[in-house]
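Fold and contact review
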Amino acid sequence: MWLAAAWLWASSPAGAQQVADSTFDARVARPAYVNSHPRVLFDEAHRNFHTTTGRYQPFATLIANDGYRVTANPKPFTRPLLDGYDLLVIANAAGEGWDSDSGVVKPAFMSDECDAVRDWVRAGGALLLVADHAPFGTSAETLAQRFGVSMSKGYTIDSTHADPESGNPSVLVYSRANGLLADHAITRGRDSTERVGRIIAFTGQSLLGPEGSAAFMKLGDGARDLPLRTFASARSWKLALSETLPAAGRSQGVAFAFGKGRVVVLGEAAMLSAQVILRPSGAIAFRMGMNHPGIDNRQLALNIMHWLAGVLN
């Protein structure tokens, strides 16, 4: 039953039924930047499922209100392009074949693009790489490997730490109370008003960061990975039942220094969005992301950017 729930959750939102929440309050009471404005390049050149004018518009507006200057990127990554910016945000880049039934998903980034991003971060750039459940892990894997990050490329579930409201084992709660939200500058914030206590990830994959990285969203001992790309056929169901793998010791959020730069990698994308799932009637069935009640995902988004930019240490 829990496999069925995870399956249906991740496959049901599609097209116009999964949209940005136009009512999301993106105001920032205490902007981090008033006089200077770090330059953020937001990738939209790689079939990105999330863009500044689409499902990640609330995130883009939020960080702009915090003082960042956000520019959408329509071009392949090169070192000269990246040198004009302080931070790079990539959210669910998709390789060719990601939306087909072929079973073959190509990398979203060319090898020279991955090298350019790696070398730019090593020289002092900051990267937020967000790669969701399948097939986005496969799409981003080559870039993640440049930084020593392993992606499960499937779906992660944990019935013990699932959100009770959703009743879905892939919607995971990370809190100080359950021990899965680690103490880190990202979860502490600048002061007690920015302290993150409880966040939710809305179906993603698991990660393993490089040696010395901080896993601030630690998966529980009972977490499992479903190494799938599609949900469509009965054969995929059988694959799910037979090949579920342990995900204990892995995470859905890692942060680390890389040369002179910094990197945050997330294994779930919706948690930094603010979306609504609409019924056919147009009624809101579910709020997903920073707009979900009772969680600190909004502050998490700001704190991640603050850490990447060097406001938090």
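As for the pairing of strand β14 (residues 251-258)
For β14, the buried fraction is high: seven of the eight residues fall into the buried class. Note that strand β11 (residues 214-218) and β14 share four bridges and pair antiparallel. Across the sheet, the residue bridging to M217 is G253, located in β14. Sheet topology note: the β14/strand β15 (residues 261-266) ladder contains six bridges and is antiparallel. Pairing of F256 across the sheet is with V263, part of β15. A loop of two residues connects β14 with β15, the two strands running antiparallel in sequence, and G259 in this loop sits at a positive phi of about 60°.

Looking at the packing of helix α4 (residues 111-122) against helix α5 (residues 136-146)
Look at α4 against α5: their axes get within 9 Å of each other, and the N-to-C directions meet at 40°. Viewed along their axes, α4 and α5 adopt a mutual orientation that is oblique. As for the relative orientation of α4 and α5, their crossing is right-handed in sense. Contacts from S111, C114, D115, V117 and R118 in α4 reach T142, L143 and R146 in α5. Of the residues assigned to the contact of α4 with α5, the class counts are three nonpolar, two polar and three charged.

Quick word on the confidence of the model for the chain
Taken over all residues, the pLDDT of the chain has a mean of 91, while the share at 70 or more is 89%. Counting contacts from residues 11-16, a segment whose pLDDT is below 50, to residues more than four positions away or on other chains yields five contacts.

A look at the pattern of salt bridges
Enumeration over the complete set of coordinates arrives at 17 salt bridges. The shortest N-O distance in the salt bridge between D163 and R198 comes to 3.9 Å. You can see D163 sitting in the loop between β7 (155-157) and β8 (171-175) and its partner R198 sitting in strand β9 (residues 198-202), a full 35 residues away along the chain. With relative accessibility at 3%, the residue D163 sits in the buried group. Classification of R198 by relative accessible area gives partly exposed; the value is 28%. Between R188 and D183 there is a salt bridge, with the nearest N and O atoms lying 2.8 Å from each other. Exposure remark for R188: the relative accessible area of 37% places this residue in the partly exposed category. Assessed through its relative accessible area of 54%, D183 is described here as exposed. Through salt bridges that share partners, D115, R118, D119, R122 and R146 make up one connected network.

Considerations on the sheet that holds strand β16 (residues 274-278)
Strand order in the open sheet formed by three strands is β1-β16-β17, with antiparallel pairing between adjacent strands. The sheet terminates laterally at β1 (18-20) and β17 (284-289), the two strands that pair on one side only. Across the sheet, the mean angle separating the axes of adjacent strands is 30° when strand polarity is ignored. Here β1 pairs with β16 via three bridges, running antiparallel. Each residue of the ladder has a partner; that of A20, found in β16, is Q275.

How each quantity is defined
Residues numbered from 1 in each chain as written. Predicted model: local features only at pLDDT ≥ 70, side-chain atom pairs only at ≥ 80, totals over all residues. Heavy atoms only, no water. Buried < 20%, exposed > 50% of the residue type's maximum accessible area, 1.4 Å probe, protein only. Helix = DSSP H or I, 4+ residues; strand = E, 2+ residues; numbered from the N terminus. Pairing = 2+ DSSP bridges. Axes fitted to C-alpha atoms, helices over the stretch in contact; angles between N-to-C directions. Parallel < 35°, antiparallel > 145°, perpendicular 65-115°, else oblique. Left-handed = near helix turned anticlockwise from the far one by under 90°. Contact = heavy atoms within 4.5 Å. Nonpolar A, V, L, I, M, F, W, Y, C, P; charged D, E, K, R; others polar. pLDDT = per-residue confidence, 0-100. Salt bridge = Lys/Arg side-chain N within 4 Å of Asp/Glu carboxyl O.

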